[in-house]
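Analysis of the macromolecular model
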Amino acid sequence: NERTFIAIKPDGVQRRLVGQIVQRFEKKGFKLVGMKLIQATEGLLKEHYTELRSKPFFSGLISYMSSGPVVAMVWQGLDVVKMARKMLGETNPADSLPGTIRGDYCVEVGRNVIHGSDSVESAQREISLWFRENELQCWEDTHSHWIYN
Ligand code: GTP
Ligand code: MG
């Protein structure tokens, strides 16, 4: 079963959006298998965003992401990587449709509230970077028959 890494960024935590964001993934039908509130170190964030290290906004991105705790989560389900990205909206909130998380909750790319893995490979890399195996729960979803046929 596919898994993705989702993180509510420090602005989302400060703005008390955690409950509403978690609720969107629950309502969609995805299964929560890992979640923690964590103050990420610069080292972890530089590794997480290593593909962007040559970008002009990289140092700003690292200070934004380390400015407070983030809610790190792993969600599981059919096509969850792609569907979660749709739920997030575009990188720039200005391009994000209403109904998406970024479309509904933010206005600037540098304060865009949430992260989601961009591919199955990125998801695997990010999950192992942020979580230990024993922090991920395998639990029986007793109503999965109402979500999957
Ligand atoms: P993530 O889910 O956070 O990885 O966003 P993304 O996959 O939609 O975009 P990308 O990985 O390209 O960029 C990572 C993050 O860097 C974005 O979510 C923004 O917070 C930030 N970022 C990207 N482009 C810009 C930019 O042009 N300016 C600024 N200030 N921040 C940017
Ligand atoms: Mg990205």
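Before going into details, it helps to say that this report is about the structure given with it. (Residues numbered from 1 in each chain as written. Chains lettered and ligands numbered in written order. Predicted model: local features only at pLDDT ≥ 70, side-chain atom pairs only at ≥ 80, totals over all residues. Heavy atoms only, no water.)

The α-helix winds at 3.6 residues per turn, so residues separated by three or four positions along the chain end up facing the same way. Considered for burial, the residues of helix α2 (residues 18-28) that qualify are Ile21, Val22 and Phe25. When α2 is viewed along its axis, its buried side chains cluster within an angular range of 95° and face the same direction. Exposed side chains of α2 directed beyond 90 degrees from the buried face belong to Gly19 and Lys27. On its buried side, α2 packs onto β1 (3-8), β2 (31-38), β3 (70-76), α5 (80-88), α6 (101-105) and β4 (114-116). Positive backbone phi, approximately 115°, marks Gly29, located one or two places after α2. (Buried < 20%, exposed > 50% of the residue type's maximum accessible area, 1.4 Å probe, protein only. Helix = DSSP H or I, 4+ residues; strand = E, 2+ residues; numbered from the N terminus. Arc of directions from axis to C-beta. Contact = heavy atoms within 4.5 Å.)

Below, the discussion takes up the packing of aromatic side chains. Applying the stated rule across the entire model yields three aromatic pairs. Geometrically, the ring pair formed by Phe25 and Trp75 is stacked, given 5.4 Å between the ring centres and 25° between the ring planes. Residue Phe25 is found in helix α2, and its partner Trp75 is found in strand β3; the two are separated by 50 residues along the sequence. Both residues of the pair, Phe25 and Trp75, belong to the buried class. Among the aromatic residues, ring-to-ring pairing joins Phe5, Trp130 and Phe131 into one connected group. It is Lys31 that lies over the ring of Trp139; its NZ or CZ is 5.3 Å from the centre. It is Lys36 that lies over the ring of Phe131; its NZ or CZ is 4.6 Å from the centre. (Phe/Tyr/Trp six-rings, centres within 6.5 Å; stacked < 30°, edge-to-face > 60°. Lys NZ or Arg CZ within 6 Å of the ring centre and 35° of its normal.)

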